[in-house]
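# Structural overview
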Amino acid sequence: MIQSREEILKQMNKQKNLKATFESWKPEEQKEFLDICTGVRGVKMLYDAFFKEVMNPEYAPHRLNSFLSVILKDSVHVMSVLPNESTRLTDESSLLIMDIVVEFESGGIANVEVQKIGYLFPGQRSACYSADLLLRQYKRLRDEKKKGFSYRDIQTVYTIVLFEHSPKEFQVYPGVYRHCFEQKSDTGIEFKMPQKFIYIPLDIFRKKQQNEDGKIHNRLEAWLTFFCRDEPEMILRLIEQYPEFKALYEDVYELCRNVEGVVEIFSKELLEMDRNTVKLMIDEMQEEIQRKEQAIQEKDRALKQQEKELTLAKRQNESFEQRIAELEKKLLEK
């Protein structure tokens, strides 16, 4: 299925637009493109088109079922893909590789997204979009059941986020690649709170696996290996331990035979990576500016407080001097 370097270059030289696009890339980008198409390295499964091709729940639901089951540590079955009516900001959508909402057979809902670069304030963002999904579920069930509706009908809403490059909060836990959040009481009382959050920092998993000589310990690690490792030896190791992944790689390499399509995919990814880097830099600069402004405001408040204290001390000193002068005057009169 894999073409040689000469075959790929020959195809591109026949089409001026492909040749011009290829030559506009940096040398290291040209090498990465040819390495992917010739099998020197594996395809980056987190590229938008590749990810959607192999994980599309419409024609390959069993793959998403398998992945979500190991993520949630529970057997789930995707019944349908719901329209994504989220109120995400436009500039945020460019950082997403995939953002889908699926409904399980149980009635639960999961928002699955892959972020190329982790957003700032991941907890606040996830909470907002989870609340949006929960409200959508409530409105839909209320409209369907009308008077028969009960809050008992509300099922768990999962927010599952995979980071290609995770935010700084996750770097504090270098050996942990799965973080699960749910609401619990500090007294022990138990309520069924329907919002759960799962975060997978793929960069941390990759470092951990590299430190363990590429070992794949379980099915969750098999899926994460599929998503974030592109070395041929790791691909072979994964297929040897879990043969079902062979079909996924075959789908992707079938795409790679369409050189024109891969050039378009690669060009789009390079453009998105540039945008992501700029967006992240802007966000970080804005956060730094806000921190500095806050520090300046705190210093201003401290200076004003010091000025008040100095003024008060000056007044007290003047009062003391006045009293001393009065006492000296009395002594002289005596």
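Structure's up top.
Here goes a summary of the coordinates provided. Treat the numbers as computed from the prediction; the structure is a model and nothing was measured.

Moving on, we come to the overall build of the chain. Helix and strand counts for the chain come out as 13 helices and six strands. Burial analysis of the chain (334 residues in total) assigns 42% to the buried set. When contacts within the chain are restricted to residue pairs at least 6 apart in sequence, long-range pairs at least 24 apart make up 64% of them. In the form shown here, the chain has an accessible surface area of approximately 20,200 Å², with 53% of it arising from carbon and sulfur atoms.

Before going further, it helps to examine the environment of Glu58. Inspection of the secondary structure assignment puts Glu58 in the loop between α4 (48–55) and α5 (61–72). Looking at Glu58, the relative accessible area reads 67%, which means it is exposed. Counting along the chain gives 23 residues from Glu58 to Val81, while the straight-line C-alpha distance between them is 7.6 Å.

Counting buried residues in strand β3 (residues 109–117) gives nine out of nine residues, a clear majority hidden from the surface. Judged from the eight bridges that link them, β3 and strand β4 (residues 157–165) form a sheet pairing that is parallel. When the bridges of β4 are listed, Ile117 appears paired with His165. Once the chain exits β3 it traverses helix α7 (residues 122–145) before rejoining the sheet at β4, and the crossover so formed is right-handed.

A word on the packing of helix α9 (residues 202–211) against helix α10 (residues 219–228). It is at 10 Å that the axes of α9 and α10 come closest, and there the two elements cross at 105°. On the basis of their axis angle, the class for α9 and α10 is roughly perpendicular. Taken together, the residues of α10 that come into contact with α9 (itself represented by Leu202, Phe205, Arg206, Lys208 and Gln209) are Glu221, Leu224, Thr225, Phe227 and Cys228. Here the residues of the contact of α9 with α10 are counted per class, giving five nonpolar, two polar and three charged.

The next subject is the packing of aromatic side chains. The relation between two aromatic rings is expressed through the spacing of the ring centres and the mutual angle of the planes. Inspection of the entire model under this criterion finds 20 aromatic pairs. Their ring planes at 55° and their centres at 5.8 Å tell us that Phe170 and Tyr199 sit as a pair that is tilted. Separated by 29 residues along the polypeptide, Phe170 in helix α8 (residues 168–171) and Tyr199 in strand β6 (residues 195–201) bring together distant segments of the chain. Overall, Tyr199 belongs to the buried group, its relative accessible area being 4%. An aromatic cluster is present here, built from Phe67, Trp223, Phe226, Phe227, Phe245 and Tyr249 joined pairwise through their rings.

Calculation notes
- Residues numbered from 1 in each chain as written.
- Predicted model: local features only at pLDDT ≥ 70, side-chain atom pairs only at ≥ 80, totals over all residues.
- Heavy atoms only, no water.
- Helix = DSSP H or I, 4+ residues; strand = E, 2+ residues; numbered from the N terminus.
- Buried < 20%, exposed > 50% of the residue type's maximum accessible area, 1.4 Å probe, protein only.
- Contact = heavy atoms within 4.5 Å.
- Areas by Shrake-Rupley, 256 points an atom, 1.4 Å probe, with all protein chains shown as cover.
- Pairing = 2+ DSSP bridges.
- Right-handed = clockwise from strand over helix to strand, strands pointing away.
- Axes fitted to C-alpha atoms, helices over the stretch in contact; angles between N-to-C directions.
- Parallel < 35°, antiparallel > 145°, perpendicular 65-115°, else oblique.
- Nonpolar A, V, L, I, M, F, W, Y, C, P; charged D, E, K, R; others polar.
- Phe/Tyr/Trp six-rings, centres within 6.5 Å; stacked < 30°, edge-to-face > 60°.

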